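The lines below spell out each chain.
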Protein chains: 2
Amino acid sequence: MRISDVAARLRAMDRVLILTHVRPDGDTIGCAAALCQALRDLGKEAYLLYNPEITSTYLPYAQPYWAPEGWQPEHVVSTDVAVPDLLPANAALYRGRIELAIDHHPSHSYFAAESYVDASAAACGEILSAVIRELTDITPAIALPLYVAISTDTGCFVYSNTTANTHRIAAELMACGIDTAFVNKTLFRTKSKVRLRMEAHMAAHMELYDNDRVVVMQIPLSLREEMHATEADIEELSSLAALVEGTDCAITLRELRVGTVKISVRTGPRVNATEVCARLGGGGHRAAAGATMNGTLDEVKQAVLQAVQEVVGA
Amino acid sequence: MRISDVAARLRAMDRVLILTHVRPDGDTIGCAAALCQALRDLGKEAYLLYNPEITSTYLPYAQPYWAPEGWQPEHVVSTDVAVPDLLPANAALYRGRIELAIDHHPSHSYFAAESYVDASAAACGEILSAVIRELTDITPAIALPLYVAISTDTGCFVYSNTTANTHRIAAELMACGIDTAFVNKTLFRTKSKVRLRMEAHMAAHMELYDNDRVVVMQIPLSLREEMHATEADIEELSSLAALVEGTDCAITLRELRVGTVKISVRTGPRVNATEVCARLGGGGHRAAAGATMNGTLDEVKQAVLQAVQEVVGA
């Protein structure tokens, strides 16, 4: 399937429902909103399926497009969804009838009748930009959610997935006259007070091992309760440890409940994070992996440090 | 002067010395290094004047180009220097004979024989990209320092000065095949342990005023001494307070020495930071201003809060 084929399929559809993934981020929401607006600009009826886990950060981009209760689609499309298990529960009805899946995850499972998957795209928003350009004019109402999609998945052009093409598309979207300053401020330059205080606690109590190359940060259950932290306050907290200068193995331990700890490992070339987490019953990528273990924070910490030693020594 | 005129002047020069500004950042160093390499690619002799305040972050980009002791230039050029007072002390010899100044600061004082100033450029690196494109091919050795220049001054494309043109240039530079992932990691995704601990202390002790719209963070002298913090650890620490969700007036107080406090104020549209700081003997821009006052941290804090009240109430 080529981009022009994707555009052709969409052009032939009407009454389109667009599905997003659980714990929706800017990429899945931004892609769905931009596509929905583009289809409407072509005179079609199009909606997003309500996503019950939407956070206030991305709600403004999705809200104008939620499907009304009881609305029946003729066609179902998904954006940025890698596997059907990542669809929210209320999508169960549509799971078996997805005609077109547009995605950029290497783990995409080709669950739809037709799929366009480009794993070289930093964000699914890059693919949607190309598709929509073939369908209709990119108006500000389309450019803004596409910018949200692309900036979210690249951490605002700072992650290593950012390519020349990412910047080229960002330039085109900005040329539409959208207010990216507001998006950047709310998405990348704002932290809740609770989050700042949790980060402060984690940084103040960080521990260093192995000639200061390994850093451990911890989120005890008590800290979370004490600060009345929400899921949004805790999201992506494991990226903090990865900032510590001179380290190449960042371990974040989050106590999920008494006796259960979620492990997140981010590493440089010296340490294979997947191998570390495989020894602890988890998995992931070479530079970022995770696992969940039973034990106290201290017991789990010892187990992870031991696993790192074994993997590095092996 | 147009870009083509700047290129013509440079093409006519040989034995060129390039000057950078005090407390050199990625923009002044990146521009100077890129221009120096471009002039060398044209077969010319060109060097950067050693900048005694260079930090380890930017040293790798400047080091290959430092002028040897005693080398005599025929022509002197400056990049990203707004006023002669921002030249380092060892540039005194060349201060009166700068032939060409290339800059993007609105406060540029036109101190050189000829000047090219574009205040709409997010970084001086945007101007140099255009100039160098007219002079020679943009090789990776030129593209890398230009990327450093542009990413530094835009906070990696997140600040509100970022334009479509900024992204367009970034796309062209990345297409040269440079390792921007390494630059982004070292410049934007690394913090020293001391810095993280100082930020932790500041966040843990932040104070909120005026219905939580005003946030105050403090850096007592004792904290700095206790943590053996360097100037680099403290640089830009005032940006932390500006992240606090729900606030639109971020005040950072840094005790320079006993009885002297440096004030930094970052604001949203409701509060004019220049007006606040003008009442305290300082100045700056509408959204970011500063002042230095005598008094204890607590006395200065009261004075700043009072000034904010006056400006908002006025």
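Everything below is about the structure shown above.
Residues numbered from 1 in each chain as written. Chains lettered and ligands numbered in written order. Predicted model: local features only at pLDDT ≥ 70, side-chain atom pairs only at ≥ 80, totals over all residues. Heavy atoms only, no water.

Draft legend 1. Highlighting the interface of chain B and chain A. With 37 residues of chain B in contact, the opposing surface of chain A contributes 37 residues. Taken over both partners, the interface formed by chain B and chain A buries close to 3,300 Å², and the fraction arising from carbon and sulfur atoms is 67%. In this structure, the connection of chain B to chain A is made through zero salt bridges. Here chain B and chain A share 13 residue pairs in polar contact (both at pLDDT 80 or more) between them. Elements with a contribution of two residues or more to the side of chain B that touches chain A: helix H6 (164–174), helix H7 (180–188) and helix H8 (193–204) of chain B. Looking at the side of chain B that touches chain A, its residues break down into 22 nonpolar, seven polar and eight charged. (Contact = heavy atoms within 4.5 Å. Buried area = accessible area lost by both parts, 1.4 Å probe. Salt bridge = Lys/Arg side-chain N within 4 Å of Asp/Glu carboxyl O. Polar contact = N/O pair within 3.5 Å; in protein donor to acceptor, adjacent residues only side chain to side chain. Helix = DSSP H or I, 4+ residues; strand = E, 2+ residues; numbered from the N terminus. Nonpolar A, V, L, I, M, F, W, Y, C, P; charged D, E, K, R; others polar.)

Draft legend 2. Just the packing of helix H2 (residues 26–41) of chain A against helix H5 (residues 140–153) of chain A, in detail. Residues and elements named next belong to chain A. At their nearest, the axes of H2 and H5 sit 7 Å apart, and the two run at 160° to each other. Comparing their axes, H5 and H2 come out roughly antiparallel. The two elements H2 and H5 cross, and the hand of that crossing is left-handed. For the pair H2 and H5, contact is made by Gly26, Asp27, Gly30, Cys31, Ala33, Ala34, Gln37, Ala38 and Asp41 and by Ala141, Ile142, Pro145, Leu146, Val148, Ala149, Thr152 and Asp153, respectively. (Axes fitted to C-alpha atoms, helices over the stretch in contact; angles between N-to-C directions. Parallel < 35°, antiparallel > 145°, perpendicular 65-115°, else oblique. Left-handed = near helix turned anticlockwise from the far one by under 90°.)

Draft legend 3. Structural context of the nonpolar core. Residues A:Leu10, B:Leu10 and B:Leu173 are the most contacted members of the largest nonpolar core, which totals 106 residues. Filtering out sequence-adjacent residues up to four positions away, B:Leu10 remains in contact with B:Leu35, B:Leu39, B:Lys44, B:Val77, B:Leu100, B:Val131 and B:Leu135. (Core = buried A, V, L, I, M, F, W, Y, C linked by side-chain atoms within 4.5 Å. Buried < 20%, exposed > 50% of the residue type's maximum accessible area, 1.4 Å probe, protein only.)

Draft legend 4. Molecular detail of H2(A). Residue and element names in this part refer to chain A. The end-to-end C-alpha separation of H2 is 22 Å, in line with the 22 Å expected for 16 residues at 1.5 Å each. Counting buried residues along H2, 14 of its 16 residues qualify, which places the element largely inside the surrounding structure. The N-cap residue of H2 is Asp25: its side-chain oxygen and the backbone nitrogen of Asp27 are 3.1 Å apart. Directly beyond the C-terminal end of H2, a positive phi value near 90° is found at Gly43. (Expected span 1.5 Å × (residues − 1).)

Draft legend 5. Highlighting the packing of aromatic side chains. Evaluation of the coordinates by the stated rule reveals seven aromatic pairs over all chains. An angle of 75° between the planes, with centres 4.9 Å apart, marks the rings of B:Tyr50 and B:Trp66 as edge-to-face. Taken together, the positions of B:Tyr50 in the loop between strand S2 (46–48) and helix H3 (59–62) and B:Trp66 in the loop between H3 and strand S3 (75–79) put the pair 16 residues apart, joining distant regions of the chain. We classify B:Tyr50 as partly exposed; its relative accessible area is 38%. Look at B:Trp66 and you get buried, because its relative accessible area is 15%. What links up through ring pairs into an aromatic cluster is the set A:Tyr147, A:Phe157, B:Tyr147 and B:Phe157. (Phe/Tyr/Trp six-rings, centres within 6.5 Å; stacked < 30°, edge-to-face > 60°.)

Draft legend 6. Molecular detail of the sheet that holds strand S2 (residues 46–48) of chain A. Residue and element names in this part refer to chain A. Taken in spatial order, the five strands make up an open sheet running S2-S1-S3-S4-S5, and their pairing is parallel. For this open sheet the edge positions go to S2 and strand S5 (114–117), each flanked by a neighbour on one side alone. Neighbour to neighbour, the strand axes of the sheet diverge by 20° on average, direction disregarded. Across the face of the sheet, helix H4 (residues 124–135) comes into contact with strand S3 (75–79), strand S4 (100–103) and S5 while running at roughly 120° to S4. (Pairing = 2+ DSSP bridges.)

Draft legend 7. Expanded view of the sheet that holds strand S9 (residues 260–267) of chain B. All names here are of chain B. Taken in spatial order, the six strands make up an open sheet running S6-S7-S8-S9-S11-S10, and their pairing is mixed. The open sheet has two edge strands with one neighbour each: strand S6 (207–209) and strand S10 (283–284). Pairing between S6 and strand S7 (residues 214–219): three bridges, direction antiparallel. Within S7, the residue paired with Leu208 across the bridge is Val215. Packing against the sheet, H8 makes contact with S7 and strand S8 (249–257), and its axis sits at approximately 135° to S7.

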